[in-house]
Amino acid sequence: MTDEDKTRAKDSLKEKRGIDIDAARVNVRIEFGDRSSKLAQESLDAIREQGVALVNLGSDRYVPATNITGAEAFTKEDSERLKGDDYTLKQTFRSKVETRAGTVLSSATPVQIMDRRAKAMDAVPANSNNKGGPKLKQA
């Protein structure tokens, strides 16, 4: 999480729940399929050491490799459709990554996403439950 992300999370928790946290101790925010999230003190390396294979989608946003079910190109038509729905895209996206929790936009290409996923999965010990096999969708 960036310092800005940490400040936003701290302010949100203070305003919505009356909880005051030490943002300097927070390292990651884990988002779940139901749109809830959890702040954690563990580092990405500590999470990896627990056998969780993570894939960097770009801009330091990570997804568990086993949650990725596919990736396809993010097209100009997709971008126009989102702009029509009043979304503001602050960066250039190259792919739509399908996960078990929904679709995530990524600045990496579909091939990069799937290559990163495969590499992350190969790094997981053979006795782990974190193996699986999604497909790359052709654009």
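Residues numbered from 1 in each chain as written. Predicted model: local features only at pLDDT ≥ 70, side-chain atom pairs only at ≥ 80, totals over all residues. Heavy atoms only, no water.

Describe helix H4 (residues 110-122), naming the residues involved and giving the relevant values.
In this model H4 runs 18 Å from its N-terminal to its C-terminal C-alpha over 13 residues, within 8% of the 18 Å that 1.5 Å per residue would give. Within the span of H4, buried status applies to Pro 110, Ile 113, Met 114, Arg 117, Ala 120 and Met 121. All buried residues of H4 fall inside an arc of 125° around its axis, so they share one side. Facing away from the buried surface of H4 by more than 90 degrees, the exposed residues are Asp 115, Lys 119 and Asp 122. (Helix = DSSP H or I, 4+ residues; strand = E, 2+ residues; numbered from the N terminus. Expected span 1.5 Å × (residues − 1). Buried < 20%, exposed > 50% of the residue type's maximum accessible area, 1.4 Å probe, protein only. Arc of directions from axis to C-beta.)

How would you summarise the pairing of strand S7 (residues 102-106) if you had to cite specific residues and measurements?
The pairing of strand S6 (residues 95-99) with S7 spans five bridges and is antiparallel. Bridge pairing in S7 links Ser 95 to Ser 106. (Pairing = 2+ DSSP bridges.)

How would you explain the packing of aromatic side chains if you had to name every residue and give the values?
Evaluated as defined, the whole model comprises one aromatic pair. Judged by centre distance (6.1 Å) and plane angle (80°), the rings of Phe 74 and Phe 93 are edge-to-face. Residue Phe 74 is located in the loop between strand S5 (68-73) and helix H3 (76-84), and its partner Phe 93 is located in the loop between H3 and S6; the two are separated by 19 residues in the primary sequence. Side by side, Phe 74 and Phe 93 carry an identical accessibility label, which is buried. (Phe/Tyr/Trp six-rings, centres within 6.5 Å; stacked < 30°, edge-to-face > 60°.)

Go over the pairing of S6, please, and point to the residues and values.
For a regular strand, side-chain orientation follows a simple rule: the groups alternate between the two sheet faces. Across the five residues that make up S6, a large majority, five, are buried. By the alternation rule, side chains of S6 split into Ser 95, Val 97 and Thr 99 and Lys 96 and Glu 98, which are all buried. Hairpin connection of S6 to S7: two residues between the antiparallel strands.

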